[in-house]
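Next come the chains, spelled out residue by residue.
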Amino acid sequence: MSEKKGFFKRLAQGLSKTRDNIASSFDSIFSGFSGIDEDFYEELEEILIMSDMGIDTTMNIIEDLKKKVKENKIKEPEECRQLLIDSIKDQMRLDDSAYDFIDKKSVVLVIGVNGVGKTTSVGKLAASLKGQGKKVLLAAADTFRAGAIEQLKEWSNRAGVDIISQAEGADPAAVVYDAVAAAKEAIEQSGLDMTKEDPFRVGCSVGSGIGSMQVVEKSCEILNTKGPGRLNPLMIPLLISNMASGNVSIQFGLRGKNINVVTACATGTHSIGEAYRTIQCSDADVMVAGGTEAAITPTGFGGFAALTALTSSTDPERCSIPFDKERSGFVMGEGAGVVVLEELQHAKARGAKILGEVVGYGATGDAYHITSPAEDGSGAAKAMEWAVKEAGISTDDVWYVNAHGTSTHHNDLFETIAIKKTFGEHAKEMKINSTKSITGHLLGAAGAVEVITCVKELQEGLIHQTVGYKVPDEQCDLDYVGNGNVKMDIKYALTNSLGFGGHNASLLIKKYED
């Protein structure tokens, strides 16, 4: 039957190894049935879609159904339908309300990669529910493919329903979506036309310090309440941190070097630094680089609180106050920062608007402690020294440092020591600020956002205030720009990132002069 074959194809799309087993199992189940038509198969499809099962669980349910049909000598489609629902409930530990929409005011239909239209079972279900006055939303189980969002919009139009938005709840893939959104803005602003580029010469280096905490939390809840058979088959791809870089590559067709740096709070800076090195080594002409993070979740927040890394202040004006004597910890932020790095002559040849230059990169390790920077500041100092040295300039030529400045006691003190170790007496003449006083701490995205901040400051001739700074600390005795923005024509900006585990990274950004 053509309708049966169509159903099998939709059910087993992408599961070529199990397709024959599924088909033969259903053939043996329905061989003696009468009155089976297309509606019956669509009804079974509807039930299986709503159950959202993995491969192993699907096969277990089919085998269970086959056994019950044989034992009970069932020949009627309706009885078989009910047995299928019962089998799913047994496997998934669902109650009767799982397939009952009577008391629900809104329904979210999660679909697979094959799509939905008004003529499919999900489309018919959506139409039926809308006819009952219910709000129907459509969400995709797999958005991690090129053009997936656009396809989801097309399906929603065909089915006549709305797409679920991030406003409906926490997005388990926010760490990826933020990266893709930031990359889109960066690529568009750069004017990079991938149809005119060799895709194997355009790479990607977008990192995340943690990955998706949302997926971890949700998966643990499912594991504890429903068992391992109910876990999302895409759980691992959803949570691992390299999917930010992977999906930026997929969305924009970047087929060159595709890497993911994970160095906690130094991730964004390392990601841009390693992209810079990639271009220097002639492994790419262009690199899309940066960091992303979305870790404001119960466990993310609770974990940092247990570490006593978060501020204890309840005054919003005195929460994120880097280098202030009354600092008590950082405020968590989230988001993404992405830049387009390009070999200079390549950028000039295509007429790109160049915003700034990366002229130095230093990266070191403290080999000291899992959370605290080295107390003598030697690791961070050496990273700054190497970044300045690579640019071929003197430390006296640098007048501004965008510090890591987290508002924790240890970081701000030891970073101050590191700056003085690198710049000597000149450090007291320099301007030091912390963007985290404005954005909070974006963890793996922080360094990338701060690189962008440096570029804008160089362009505008303005160094932003360290917001909230009021009470000087005798041990943090440099100029932290605490009394408002400073207009200053600067040629270089040095930005630091220090990550748990002793990861130090510094980038020297130069004002672009044609």
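Right, let's walk through the structure included here.

Quick notes on the rules
Along each chain, residue indices are assigned from 1 in the same order as the chain's sequence is written. Owing to the predicted nature of the model, reporting of local features is limited to residues with pLDDT of at least 70; listing and counting of side-chain atom pairs is limited to 80 or more, with chain, interface and lining totals taken over all residues. As a convention, hydrogens and water are excluded, and side-chain values are obtained from all of the structure's heavy atoms. In this analysis, strands are considered paired if DSSP registers two or more bridges between them. In this text, helices come from DSSP runs of H or I with a minimum length of four residues, and strands from runs of E with a minimum of two, each type numbered from the N-terminal end. Whether two residues are in contact is decided by their heavy atoms, any of which lying within 4.5 Å being enough. Comment: axis = line fitted to C-alpha atoms, over the contacting stretch for helices; angle = value between 0 and 180 degrees taken between N-to-C directions. Any two of the Phe, Tyr and Trp rings considered here, Trp counted by its six-membered ring, make a pair once their centres fall within 6.5 Å; the pair's planes then place it as stacked at under 30 degrees, edge-to-face at over 60, or tilted in between. Partly exposed residues are those whose accessible area sits between 20% and 50% of the maximum for their type, while under 20% is buried and over 50% is exposed, using a 1.4 Å probe and protein chains only. Excluding any residue in a salt bridge, patches collect residues exceeding 30% relative accessible area, merging like charges within 9 Å and nonpolar Val, Leu, Ile, Met, Phe, Trp and Tyr side chains within 5 Å. Residue burial considers only the protein chains on display, and all accessible areas are found by Shrake-Rupley using a 1.4 Å probe. Within this document, salt bridges are pairs made up of a side-chain nitrogen of Lys or Arg and a carboxyl oxygen of Asp or Glu, the two lying within 4 Å of each other. In this charge count, Lys and Arg are treated as positive and Asp and Glu as negative; neither His nor the chain ends contribute. Charged groups are reduced to one reference atom each: NZ for lysine, CZ for arginine, CG for aspartic acid, CD for glutamic acid.

## Quick word on the sheet that holds strand β5 (residues 258-259)
Thinking step 1. Judged by pairing direction, the sheet is mixed, and its four strands sit side by side in the order β5-β4-β6-β7 without closing on themselves. Taken across any chain shown, the strands that pair with only one partner, and hence form the sheet edges, are β5 and β7 (335-342).
Thinking step 2. Relative to β5, strand β4 (residues 202-207) runs parallel, the two being bridged by two bridges. Paired with Cys204 across the bridge in β5 is Asn258.
Thinking step 3. Across the face of the sheet, helix α11 (residues 243-252) comes into contact with β4, β5 and β6 (286-293) while running at roughly 150 degrees to β4.
Thinking step 4. Contacts from helix α18 (residues 446-460) reach β6 and β7 within the one sheet, and its direction differs from that of β7 by about 60 degrees.

## A short note on the packing of aromatic side chains
Thinking step 1. For the structure on display, the rule yields four aromatic pairs.
Thinking step 2. Aromatic side chains Phe304 and Phe500 sit 6.5 Å apart centroid to centroid with 45 degrees between the ring planes, which places their arrangement in the tilted category. In this pair, Phe304 is assigned in helix α13 (residues 298-306) and Phe500 in the loop between β13 (492-499) and β14 (503-511), connecting sequence segments 196 residues apart.
Thinking step 3. Relative accessible area serves as the criterion here: at 12%, Phe304 is assigned to the buried category.
Thinking step 4. When the centroid spacing of 5.9 Å and the interplanar angle of 50 degrees are considered together, the rings of Tyr469 and Tyr480 count as tilted. Taken together, the residues Tyr469 in the loop between β11 (462-463) and β12 (486-487) and Tyr480 in the loop between β11 and β12 connect sequence positions eleven residues apart. For the residue pair Tyr469 and Tyr480, the accessibility class agrees, reading buried in each case.

## Points about a negative patch on the surface
Thinking step 1. A surface patch of negative charge is lined by Asp396, Asp397, Glu425 and Glu429.
Thinking step 2. The residue Glu429 is located in the loop between α16 (409-423) and β10 (431-433) in this model.

## Quick look at unusual backbone geometry
Thinking step 1. Backbone geometry at Ser282 places phi at a positive 65 degrees, although glycine is not the residue there.
Thinking step 2. What makes Ser282 partly exposed here is its relative accessible area of 49%.
Thinking step 3. Its identity as a non-glycine residue notwithstanding, Leu443 has a phi of 55 degrees, on the positive side.
Thinking step 4. Note that Leu443 resides in the loop between α17 (436-439) and α18.

Without other data, these values stay purely geometric and don't point to any function.
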